[in-house]
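Below, each chain spelled out in residue letters.
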Amino acid sequence: MTQIDNHTPQSSTGRQRIVVAGVGALGTLMAWHCRSQTLFTHNRRQQTRFSLQTSASASDVTTTVDTFSAKPWQGEVVDWLIVTTKAAATIDILSDLKDRLNNTSRILLLQNGMGQQAEASAWLTQNKINAELWVGSSTEGAYRADNGTVIYAGKGQTLAGRWQHSTEDREAQLPPAMQLTTDIKQVLHEKLAINAIINPLTAHHGCRNGELLASEEKRRDFKALSAEVASLFHNLNWKTGFDITQQATKVAEATAKNQSSTLQDVLHQRPTELPYICGYLLKHAQQHGLSAPLTEQLYQSISAREAAW
């Protein structure tokens, strides 16, 4: 078997050594999945104890809350550093951890949007960091309730693959609850297509995902934006394994009660990730002489609201 770790591999207990950096809702969920491993976290509050409400359905009679602990990462040699911060904070957190990164075999970016992956790859090369860059995409659902509790809102799938593909990647042992994909860029494009429809529209209308299909006005906006995104993907030759409009409809129906991450950000007056969703799409459209007026209008409108906070 090919050994691709360039540092001390798993501990003598057979557990992987994993750091989760950024323990918001998704980070807490990933840390919970990794709680059977040797778990470290990196977060501003130096939090060491975490809890997750694991009842994933509103119909559950009882509420189950799992509490678990992790050590603050002090630079110990690890197998994985999983970054779950907002996309815009990627380079900042890598810079904060720069002196520790050569003690890391693999860095996995698990975030919404696109653009930060290429930025991180260039930054690692520039700073002579030898850790492999991996990227993940998750359909798992988690959010932080008003009382601060992180709730596991819906089970899904987390796919991961190396940013620069290697034939040795199949030898890597992934963190728990993750599956290997050999085409992570298509996976990211598929998620981008759905996010570029649901996220800006739910923020614009101030509604949950399913409500996008609940009125004539919202359905009209949904269909128009879906058609625009599908046209852009076709003209940019970005492959997806589905019809974009049909898949966006299925996702909106399946996650009808969910608030998109962009809507949550708007409601809490936090910076959104739209620069790495709509902004990324518009950048590539402009480079190829393509227009996306609906995407542009929504992006500018929500950005103007952010600027006024």
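Below is a summary of the structure that appears in this document. Being a predicted model, the structure only gives us computed values, none of them experimental.

1. A few points about the overall build of the chain
Along the backbone of the chain there are nine helices and 12 strands. Relative to a compact globule of 309 residues, whose C-alpha radius of gyration would be 19 Å, the chain shows 20 Å and is just as compact. Viewed in the frame of its principal axes, the chain has a C-alpha envelope of about 60 × 50 × 40 Å. Across the 309 residues that make up the chain, the buried fraction comes to 50%. Pairs at least 24 apart in sequence give 68% of the contacts found in the chain among residues at least 6 apart.

2. A word on the environment of Thr-85
Structurally, Thr-85 can be placed in the loop between strand S6 (78-83) and helix H2 (90-96). For Thr-85, a relative accessible area of 15% gives the class buried. The spatial distance from the C-alpha of Thr-85 to the C-alpha of Leu-294 is 28 Å, given a sequence separation of 209 residues. Contact partners of Thr-85, with chain neighbours within four places excluded, come to Ala-21, Gly-22, Thr-90, Ile-93 and Gln-111.

3. Some words on the nonpolar core
Ranked by internal contacts, the top residues of the largest apolar core, which has 58 residues, are Leu-81, Leu-101, Ile-107, Ile-197, Phe-222, Val-229 and Phe-233. Broken down by element, the residue count for this core peaks at 11 residues, all from helix H4 (residues 184-205). Residue contacts for Leu-101: discarding those within four places in its chain leaves Leu-81, Leu-94, Ile-107, Trp-123, Leu-124, Ile-129 and Ala-131. Leu-29, Leu-52, Phe-68 and Ala-160 belong to the second largest nonpolar core, which has 25 residues in total.

4. Looking at the sheet that holds strand S4 (residues 65-69)
With mixed pairing, the four strands of this open sheet are ordered in space as S4-S3-S10-S9. The sheet terminates laterally at S4 and strand S9 (141-144), the two strands that pair on one side only. Looking at each pair of strands side by side, their axes are set apart by 30° on average, direction ignored. The sheet contact formed by S9 and strand S10 (residues 150-154) spans four bridges and is antiparallel. Each bridged residue has a counterpart across the sheet, and for Arg-144 the counterpart in S10 is Val-150. Running over the sheet, helix H1 (residues 25-33) touches strand S3 (49-53), S4, S9 and S10 and is turned about 120° from S9.

5. Points about the sheet that holds strand S1 (residues 17-21)
Within the open sheet, the eight strands sit side by side as S5-S2-S1-S6-S7-S8-S11-S12. Their pairing is mixed. A single partner strand is all that each edge strand has here, and the edge strands are strand S5 (71-72) and strand S12 (179-180). Examined bridge by bridge, S1 and S6 share four bridges and lie parallel to one another. Note that in S6 the partner of Ile-18 across the bridge is Trp-80. Against the sheet, H4 engages strand S8 (132-138) and strand S11 (158-162), with an angle of about 35° to S8.

6. Some words on the packing of helix H5 (residues 216-236) against helix H8 (residues 278-287)
Running from N to C, H5 and H8 cross one another at 50°; their axes reach a closest spacing of 11 Å. Between H5 and H8, the angle is such that the two are oblique. Taken as a pair, H5 and H8 cross one another with a handedness that is left-handed. Here H5 contributes Val-229, Leu-232, Phe-233 and Leu-236 to the contact with H8, which in turn contributes Leu-281, His-284 and Ala-285. Per-class residue counts for the contact of H5 with H8 are six nonpolar, one polar and no charged.

7. Looking at the packing of aromatic side chains
Under the criterion given, the structure shown has five aromatic pairs. Between Trp-32 and Tyr-152, the aromatic rings sit 5.7 Å apart at their centres with planes inclined by 65°, giving edge-to-face as the arrangement. With a gap of 120 residues between them, Trp-32 in helix H1 and Tyr-152 in strand S10 connect regions that are remote in the sequence. With respect to burial, Trp-32 and Tyr-152 carry one shared label: buried. On the basis of an interplanar angle of 85° and a centroid distance of 5.2 Å, the ring pair of Phe-233 and Trp-238 is categorised as edge-to-face. A relative accessible area of 2% means that Phe-233 is categorised as buried. The exposure class assigned to Trp-238 is buried, which follows from its relative accessible area of 13%. Through a chain of ring-to-ring contacts, three or more aromatic side chains come together here, namely Phe-233, Trp-238 and Tyr-280. Sitting over the face of the ring of Trp-73, Arg-100 holds its NZ or CZ atom 5.5 Å from the ring centroid.

8. Side note on unusual backbone geometry
For Ala-177, which is not a glycine, the phi torsion comes out positive at approximately 70°. Residues other than glycine seldom take positive phi values, yet Gln-269 does so here, at roughly 55°. By the element assignment, Gln-269 lies in the loop between helix H7 (261-267) and H8.

Each value, and the rule that gives it
Residues numbered from 1 in each chain as written. Predicted model: local features only at pLDDT ≥ 70, side-chain atom pairs only at ≥ 80, totals over all residues. Heavy atoms only, no water. Helix = DSSP H or I, 4+ residues; strand = E, 2+ residues; numbered from the N terminus. Rg over C-alpha atoms; globule rule 2.2 N^0.38 Å. Buried < 20%, exposed > 50% of the residue type's maximum accessible area, 1.4 Å probe, protein only. Contact = heavy atoms within 4.5 Å. Core = buried A, V, L, I, M, F, W, Y, C linked by side-chain atoms within 4.5 Å. Pairing = 2+ DSSP bridges. Axes fitted to C-alpha atoms, helices over the stretch in contact; angles between N-to-C directions. Parallel < 35°, antiparallel > 145°, perpendicular 65-115°, else oblique. Left-handed = near helix turned anticlockwise from the far one by under 90°. Nonpolar A, V, L, I, M, F, W, Y, C, P; charged D, E, K, R; others polar. Phe/Tyr/Trp six-rings, centres within 6.5 Å; stacked < 30°, edge-to-face > 60°. Lys NZ or Arg CZ within 6 Å of the ring centre and 35° of its normal.

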